[in-house]
Number of protein chains: 2
Amino acid sequence: MTWLEVDEDSGFGIENLPYGVFRRDGAAARVGVAIGDRVLDLAGLGEAGLVEDRGWFAADALNGFMAAGRTAWQANRARIRELLTDARHRDAVAPHLVPVADVELLRPFEVADYVDFYSSEHHATNVGRIFRPQGEPLMPNWKHLPVGYHGRAGTVQVSGTPVVRPCGQRKVAPSDAAPSYGPCLKLDIEAEVGFVAGVPSSPARPVPPRAFRDHVFGFVLVNDWSARDLQAWEAQPLGPFLSKSFATSISPWVVPIEALEAARVPSPAQDPAPLPYLRTDEPWGLDLRLEILINGQPVSRPGFDGMYWTPPQQLAHATVNGASLRTGDLFASGTVSGPTREERGCLLELTWNGAEPLELPDGTKRTFLEDGDTVTIRASAPGANGATIDLGEVTGTIRPAHC
Amino acid sequence: MTWLEVDEDSGFGIENLPYGVFRRDGAAARVGVAIGDRVLDLAGLGEAGLVEDRGWFAADALNGFMAAGRTAWQANRARIRELLTDARHRDAVAPHLVPVADVELLRPFEVADYVDFYSSEHHATNVGRIFRPQGEPLMPNWKHLPVGYHGRAGTVQVSGTPVVRPCGQRKVAPSDAAPSYGPCLKLDIEAEVGFVAGVPSSPARPVPPRAFRDHVFGFVLVNDWSARDLQAWEAQPLGPFLSKSFATSISPWVVPIEALEAARVPSPAQDPAPLPYLRTDEPWGLDLRLEILINGQPVSRPGFDGMYWTPPQQLAHATVNGASLRTGDLFASGTVSGPTREERGCLLELTWNGAEPLELPDGTKRTFLEDGDTVTIRASAPGANGATIDLGEVTGTIRPAHC
């Protein structure tokens, strides 16, 4: 129990304590931790000598603290729990609590490289059925390795930042002889869960699944905005490029791995058995429940526990070739989709590429996103001691194209 | 004429003046300019009040200076020319010249995002013929847009850094039922030319071809090391990932755009005419002659002037969707291949995927790279006043795999 009044249902109680970066009244950015409807100012606590701060917290990004490593992460989290639960600290700590409503939440870390996977079997199967109705829905490699690719790190933005509808080349009708230039006509979302590396790895030193916790700081929600018409035209043979690179949104709070320990569940059985470098005996499914809302109306509830490839497998694969990790490397899961229509994580699937429009509770219909639409993705998970862990939300509103 | 004794054939004369980052005797890194067989220490010139230095040159990367913009670049270049040609400056400047043999050349800039294109028609056609012998060699989109994808920025390394043979999943024989794990068996090079952005652009503000010089600082040579067996297995449907992400090497000297003005030539005619956002009336072919050597023996001499898509078209395309540029964004051309076998820019093409081994002048044969092989790519171009501009070289030696 904290000495603060924290709504136990808020999802931001003492078992969560996610890290973020905030700014108040135009002052310099600082690192904070969410507790209830407040932000605990870690830079202020550091100045007051209440937490160890090696230049980590009077900063505009979590990167310094993320690079400090697991021992520092655990020590800081334990100390914050102590400060918030032992009432003797109340008078010293209370001045460093700021209402979250009074601050601006910034992008929590500087993104080094951004990798996007494709790890939901339901999503990959649906996409295969939509685009290759005659063939096998999954490519031959899909059950042998977590398929992924690099995205654009420089356009990863914090939740709340608007998304300008991209312009580019696309065929308005698939049968058109030539492409035309204009606004994206099939603007979509992808509801994803990402993890961020804190501790670098060395070249030619892969990170096996058992070392996942030594390198990874925590998890965020990701909306990998996608221009489906640009993608259909551009992506052969080298994969998505402009259809993804205009914007990727992440949630402002990074939930530490430790907060998600109680959410770990077995992941789906893998057949064929993966090669040894991808194997782990530990359960690394995560019981995160996602919710997607368009203009405040729920349209889907994907479960992350059904993901075929797990985060430690993704990281082991991404480094098996000797590629090194940097602090701030972001790895997203790919669209999280479950087995039923109500659990699909993007409009491409929800509307079957526009063939089956989605009727929203307010009576309007959508195939893809319209200008002015606001998309919000939320998630929560079971925490320790019966608590709920809220991953917060990632949201964005579509602005009209400039072309 | 400079007051230094510069070998006019060195390619590093007064018309070149490329920028790099160097370290001497373990001291802190600094920015320098190559002249003949010396490095001109710009940090030292700045301290002496001989060049303007707003914190640009006592730095371990060119990023600060690259962000300063075209006016600053032009002014600095003009001032260096003045200092090196007016003998009255000799006594003041000479102490800041360091033999290049006495310094370590570092990666010249911090890479923000790394994009790799696929802009040689000869290369794309050869690859299409090798992998899809029954179909059209070029995909339908190829002549409408410069196909590209994002690579891994964190593993871009300076020339001279060894390359450890990557491990990963691949099918040893294409007919194998399942993949196996082991060292790459088809390790390859890709001889490319890259450009680096200095001045950022804003979200949703594309950079048209006419604004290329306002954003781009200069050019480097690139070797985009490639694991062809990993690539063949992993790359459907989202493109190359681990087959490229283990290492990409760049040359240590960044040649300013201004030094390459005399190398500009018309690029190949484009049919169909590109969409308006890709059009430019200015000639943007570049008459760079590349040379590829394996263990010191020339194996190919690709010409960059035959590239179908030009650098300003690549940049216009990469930003047409509103993706913003950051200082340090690196854009590589894709493999530079000419129409004849002697002008192919990778071993995949030179040996037709291993079917036609290459006989080196020393009598040894290669399909793909062997451990211990050293690959060097060089390039030169015509400069102003009849000079030769040398882009320097990008080199690397293959170390054995760790698996």
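The rules behind these values
- Residues numbered from 1 in each chain as written.
- Chains lettered and ligands numbered in written order.
- Predicted model: local features only at pLDDT ≥ 70, side-chain atom pairs only at ≥ 80, totals over all residues.
- Heavy atoms only, no water.
- Least-squares fit on C-alpha atoms with pLDDT ≥ 70 in both.
- Contact = heavy atoms within 4.5 Å.
- Helix = DSSP H or I, 4+ residues; strand = E, 2+ residues; numbered from the N terminus.
- Buried < 20%, exposed > 50% of the residue type's maximum accessible area, 1.4 Å probe, protein only.
- Domains from an automatic or database assignment.
- Buried area = accessible area lost by both parts, 1.4 Å probe.
- Salt bridge = Lys/Arg side-chain N within 4 Å of Asp/Glu carboxyl O.
- Polar contact = N/O pair within 3.5 Å; in protein donor to acceptor, adjacent residues only side chain to side chain.
- Nonpolar A, V, L, I, M, F, W, Y, C, P; charged D, E, K, R; others polar.
- Disulfide = S-S within 2.5 Å.
- Phe/Tyr/Trp six-rings, centres within 6.5 Å; stacked < 30°, edge-to-face > 60°.

We now examine the relation of the copies chain A and chain B. For the match of chain A to chain B, the screw axis carries a shift of 0.0 Å, the RMSD comes to 0.0 Å, and the turn is 180°. Between the two chains, the operation in question is that of a two-fold axis. Residue A:G239, judged by its C-alpha, is the member of chain A lying nearest the rotation axis, at 2.1 Å. Looking at the interface residues of chain A, 100% of them are also at the interface in chain B, so both copies use one shared face.

Our next topic: the side chain of B:S324. Here B:S324 lies in the loop between α9 (311-319) and β22 (330-332). Among the residues examined, B:S324 registers a relative accessible area of 11% and is labelled buried. Ignoring any residue separated from it by four or fewer positions in sequence, one finds B:S324 in contact with A:R152, A:G154, A:T155, B:S201, B:S202, B:P203 and B:D329.

Here we come to the domain arrangement of chain A. All names here are of chain A. On domain assignment, one finds that chain A holds domain 1 (19-106) and domain 2 (114-399). Using only C-alpha atoms to locate each centre, domain 1 and domain 2 end up separated by 29 Å. On the side of domain 2, 18 residues touch domain 1, which itself brings 19 residues to the contact. Here domain 1 and domain 2 share an interface that buries about 1600 Å² over both sides, 69% of which is from carbon and sulfur atoms. Counting across the interface, domain 1 meets domain 2 through 1 salt bridge. Notably, a salt bridge pairs D214 with R70, separated by 3.5 Å at the nearest N-O pair. Counting every contact that joins domain 1 to domain 2 gives 2 residue pairs in polar contact (both at pLDDT 80 or more). Listing elements by their share of the side of domain 1 that touches domain 2, those giving two or more residues are β1 (19-23), β2 (30-35), α2 (63-67), α3 (70-85) and β5 (104-106). Looking at side-chain class alone, the side of domain 1 that touches domain 2 contains 12 nonpolar, 5 polar and 2 charged residues.

Taken together, the 55 residues of chain A in the interface contact 55 residues of chain B. Overall, the association of chain A and chain B removes approximately 5200 Å² of surface from exposure, summing both partners, and the carbon and sulfur fraction of that is 60%. The largest share of the area that chain A buries against chain B comes from A:R152, A:L238 and A:F241, three residues that together contribute 15% of it. On inspection of chain A and its partner chain B, the count reaches 2 salt bridges. For B:D329, the salt bridge is made with A:R152, and the minimal N-O distance between the two is 2.7 Å. Our count for the contact surface shared by chain A and chain B stands at 26 residue pairs in polar contact (both at pLDDT 80 or more). When residues of the side of chain A that touches chain B are traced back to their parent elements, those giving at least two are β6 (114-117), β7 (148-151), β10 (167-170), β11 (180-183), α7 (228-234), α8 (242-245) and α9 (311-319) of chain A.

A separate point is the side chain of A:T395. Residues and elements named next belong to chain A. Position of T395 among the secondary structure elements: in strand β26 (residues 388-399). Engagement of the side chain of T395 in a polar contact is seen with the side chain of T376, the distance being 2.9 Å. In this view, T395 contacts S159, G160, T161, T374, V375 and T376; residues no more than four positions away in its chain are not counted.

Moving on, we get to the state of the cysteines. Taken as a whole and judged by the stated rule, the model has 2 disulfides over all chains. With a sulfur-sulfur separation of 2.1 Å, A:C167 is cross-linked through a disulfide to A:C403. Here the S-S torsion is close to -100°, and the disulfide linking A:C167 with A:C403 is therefore left-handed. Highlighted residues: A:C167 in strand β10 and A:C403 in the segment after β26, separated in sequence by 236 residues. For A:C167, a relative accessible area of 6% corresponds to the buried category. Take A:C403: its relative accessible area is 41%, and that puts it in the partly exposed class. Here B:C184 is not cross-linked by a disulfide; its sulfur's nearest cysteine counterpart is in B:C167, at 9.2 Å.

Residues and elements named next belong to chain B. The full count for this structure, using the stated rule, is 32 aromatic pairs over all chains. When the ring of Y19 is compared with that of F217, the centres are 5.5 Å apart and the planes differ by 55°; the resulting orientation is tilted. Placement of the pair is Y19 in strand β1 (residues 19-23) and F217 in strand β14 (residues 216-223), with a sequence separation of 198 residues. With relative accessibility at 2%, the residue Y19 sits in the buried group. Taken together, a centroid distance of 5.3 Å and an interplanar angle of 55° make the contact between W142 and Y308 tilted. Of the two residues, W142 sits in the loop between α5 (121-131) and β7 (148-151) while Y308 sits in the loop between β21 (297-300) and α9, which places them 166 residues apart along the sequence. Residue W142 shares its accessibility class with Y308, and that shared class is buried.

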